[in-house]
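The residues making up each chain are set out below.
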Amino acid sequence: MSGIGLIDGLRQTGSLAWRAIVQLKRNPWELGDYSFQPVLFLLLFVYIFGGAIAGSTDAYLTFMLPGIVVMNMMFVTVYVGHGLNTDLTSGYFDRLRALPVARWAPLAGRITADLVKQGWSIVLLLGLGWLMGFRMDNPIWGLAGMVVLVLIFALAFSWVSVLVGVVARDPEHVQLFGFTALFPITFVSNVFVPVETVPEWLQGVVMANPVSVLTDACRGLLLGGPWLGSALITLLWAAAITAVFAPLSVWALKRRLR
Amino acid sequence: MVESAIAATELVKHFGATRAVDGVSLSVAQGQVLGLLGPNGAGKTTTVRMLATLTAPDSGTARVGGFDIVDQAHQVRGLIGLTGQFASVDNRLTGFENLLLIARLLGQPRKKSRHIARTLLERFELADAADRPVQGYSGGMRRRLDLAASLVGNPRILFLDEPTTGLDPRARRQLWELIGERVAEGTTVLLTTQYLEEADALADDIMVIDHGRVIASGTPEALKRQIGTRTLEIRPASPDALAATAAIMTELAGIAPEQQGGRLSIPAGDPALLPALVRRLDQHGIAPAELQLRSASLDEVFLALTGQASTANDETLEDKR
């Protein structure tokens, strides 16, 4: 019934991903979120709090860089829902759906573009970290493993953002909800501080948080600690999040488009 | 028999308890323009959304270009162009990028896509703004780009959902001309509008729709005749003669004429009124600068059909969609 082959669908996905990337040129705010905000965080935390938290800025940079990559990944996913909601409220989504285009292409295009943005922010953060003195202990496969793992989790977490994007009334609400939810999720983790330093009653939450698990895996992959266990748990989290939120998002989208 | 370009039978669509579209049937022959006329929330947009495969009807069937809108939605999408009520172009792309994207999505190769985009921008007088982001466009430019975007695939059937809502008269006329050019090339058009003038200017046939139902249909002329109102309008050459003219009209028609500027108008049900008026004016030595017997405007038609002014603007389900 759809009449669109996989190849055509993928090509359309490519065109729509191109569109989401070109949009960045006209929305410096969004680009700023991928770039200036994490850069600011990195500089502030390392040079202002680093000494107090880890004894030296170098030690803190080593500890925090993998975590801030994970944190930033979470924030970047908000733009999947933000962009989708913009298209839904403006009527642009209708224009796409009235074209003989694969039904999944608009969403796939958004998510593909998101992966490109994710890649950009990872490169930016690691590059700046390197300039600040960060050195990895593992060979290059560690870096590659980390990037793949972060992108897989980003892909899964995008579904949460898609759901918010479908349900929210306007793009501002997506942003608001995203940031309100993401600050506690990313801060109640081991991104900025070692688990042992938080109150005991909170340690369970911090350790169970997938952000912490992923951060553990990233630290291991870059710095040579254990990583396999936390990487596997991260993949389980990614699978679980997808299993819950992908069907829910599709259902909500169909409902909204009714 | 040639199959209609658009044929719908008893389309129904509910939103919760509201019957947004309540049994609409329509048919548009190849190359014809049908105007769906009605106030906000009448069910116009929902009807177009069903025909453009964006939403499935709860009951009823429709064929567009010979394809079923539900079972052959993909084939329908290959034939149609859609211009939405809200200019659905991407604000953050340039005009050129907007059209390029659509051409690419329709499977055109890169070079051909560029050519299509440039040609359309040229034709729609947007060439100068081609490489500027759409967010800086005026309302009229956005609508023109929106229309251009719906023409990228060279569609045989065009759905225009309130294409000029919110535009100033000049921009509206410009858009009408562009639509008229497509019609002259043989494109079938289904147009929704709240503007009676627009339906009158563009449509071969008009359907008046209210509360999800068709309440009248026919050619603009037939609709006006159906209501039966004709209006006699006169402007005396000298403003001094206004009072005397009004007195004569009152005497002949039995009711006082309406005065607007230097014009007097009066409902003219009786065909004998015009010659009688001319005779009397001549006797009194009053020369008319303008004298016409005209059909009722579509505004008057709408008022007579629905019992409410056509500018009804209460927010409804359709707008909140």
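Residues numbered from 1 in each chain as written. Chains lettered and ligands numbered in written order. Predicted model: local features only at pLDDT ≥ 70, side-chain atom pairs only at ≥ 80, totals over all residues. Heavy atoms only, no water.

**Q** Explain the overall build of chain A here, please?
**A** Assigned secondary structure in chain A consists of ten helices and zero strands. Written out in order from the N terminus, the α and β elements of chain A read α-α-α-α-α-α-α-α-α-α. In terms of overall dimensions, chain A is globule-like: its C-alpha atoms have a radius of gyration of 19 Å, near the 18 Å expected for 258 residues. Oriented by its inertia axes, the alpha-carbon framework of chain A measures out at about 60 × 35 × 35 Å. Taken across its 258 residues, chain A has 53% of its residues classed as buried. A separation of at least 24 residues holds for 80% of the contacts in chain A among residues at least 6 apart in sequence. (Helix = DSSP H or I, 4+ residues; strand = E, 2+ residues; numbered from the N terminus. Rg over C-alpha atoms; globule rule 2.2 N^0.38 Å. Buried < 20%, exposed > 50% of the residue type's maximum accessible area, 1.4 Å probe, protein only. Contact = heavy atoms within 4.5 Å.)

**Q** Looking at this structure, how should I read the overall build of chain B?
**A** Tallying secondary structure elements over chain B gives twelve helices and 14 strands in all. Judged by the C-alpha coordinates and their principal axes, chain B covers about 75 × 45 × 40 Å. When contacts within chain B are restricted to residue pairs at least 6 apart in sequence, those whose partners lie at least 24 apart make up 67%. For chain B, the exposed area adds up to about 14,100 Å²; of that, 49% sits on carbon and sulfur atoms. (Areas by Shrake-Rupley, 256 points an atom, 1.4 Å probe, with all protein chains shown as cover.)

**Q** Can you help me understand the pattern of salt bridges in this one?
**A** A side chain of one charge can pair with a side chain of the opposite charge if their charged atoms are brought near each other. Scanning the entire structure with this criterion turns up 21 salt bridges over all chains. The partner of Arg19(B) in a salt bridge is Asp22(B), with the nearest N and O atoms 2.7 Å apart. What makes Asp22(B) buried here is its relative accessible area of 14%. A cluster of three or more residues bridged by salt bridges with shared partners is formed by Arg19(A), Asp87(A), Arg110(A) and Asp90(B). (Salt bridge = Lys/Arg side-chain N within 4 Å of Asp/Glu carboxyl O.)

**Q** Mind showing me how you'd approach the interface of chain A and chain B here?
**A** Quoted interface sizes are often the accessible area lost when the parts come together. Taken together, the contact between chain A and chain B spans 30 residues of the former and 40 residues of the latter. Contact with chain B buries area across many residues of chain A, yet Arg26(A), Arg95(A) and Arg258(A) alone supply 26% of it, more than any other trio. On the surface where chain A and chain B come into contact, there are five salt bridges. Here Arg26(A) and Glu97(B) are joined by a salt bridge, their closest N and O atoms 3.0 Å apart. Summed over the shared surface of chain A and chain B, the number is eleven residue pairs in polar contact (both at pLDDT 80 or more). Listed by contribution, the elements that provide at least two residues to the side of chain A that touches chain B are helix H1 (6-26) and helix H4 (92-97) of chain A. Considered class by class, the residues forming the side of chain A that touches chain B number twelve nonpolar, eight polar and ten charged. (Buried area = accessible area lost by both parts, 1.4 Å probe. Polar contact = N/O pair within 3.5 Å; in protein donor to acceptor, adjacent residues only side chain to side chain. Nonpolar A, V, L, I, M, F, W, Y, C, P; charged D, E, K, R; others polar.)

**Q** How should I be thinking about unusual backbone geometry in this particular structure?
**A** Note: most residues except glycine have negative phi, and most peptide bonds are trans. Residue and element names in this part refer to chain B. One non-glycine residue, Thr53, adopts positive backbone phi at about 65°. Looking at Thr53, the relative accessible area reads 9%, which means it is buried. For Glu125, which is not glycine, the phi torsion reads 55° and is therefore positive. Note on Glu125: relative accessible area 59%, which makes it exposed.

**Q** Looking at this structure, how should I read the sheet that holds strand S1 (residues 6-15) of chain B?
**A** Residues and elements named next belong to chain B. Strand order in the open sheet made by the four strands is S2-S1-S4-S5, with antiparallel pairing throughout. Of all strands in the sheet, those with a lone pairing partner are strand S2 (18-28) and strand S5 (67-68), marking the two edges. Packed on one face of the sheet, helix H1 (residues 44-51) meets S1, S2 and strand S4 (59-64) and runs near 120° to S1. (Pairing = 2+ DSSP bridges. Axes fitted to C-alpha atoms, helices over the stretch in contact; angles between N-to-C directions.)

**Q** When you look at the environment of Pro271(B) in this model, what are you seeing that I'm missing?
**A** All names here are of chain B. Tracing the backbone shows Pro271 in the loop between strand S13 (263-267) and helix H10 (273-283). Residue Pro271 is classed as exposed on the basis of its relative accessible area, which comes to 70%. In sequence terms Pro271 and Asp131 are 140 residues apart; their C-alpha atoms lie 59 Å from each other.

**Q** I'm lost on the side chain of Thr47(B) in this one. Help?
**A** All names here are of chain B. Turning to its location among the elements, Thr47 is positioned in helix H1. Owing to a relative accessible area of 1%, Thr47 belongs among the buried residues under this scheme. With residues up to four places along the chain from it excluded, the contact list for Thr47 reads Val21, Val24, Leu26, Leu36 and Ile209.

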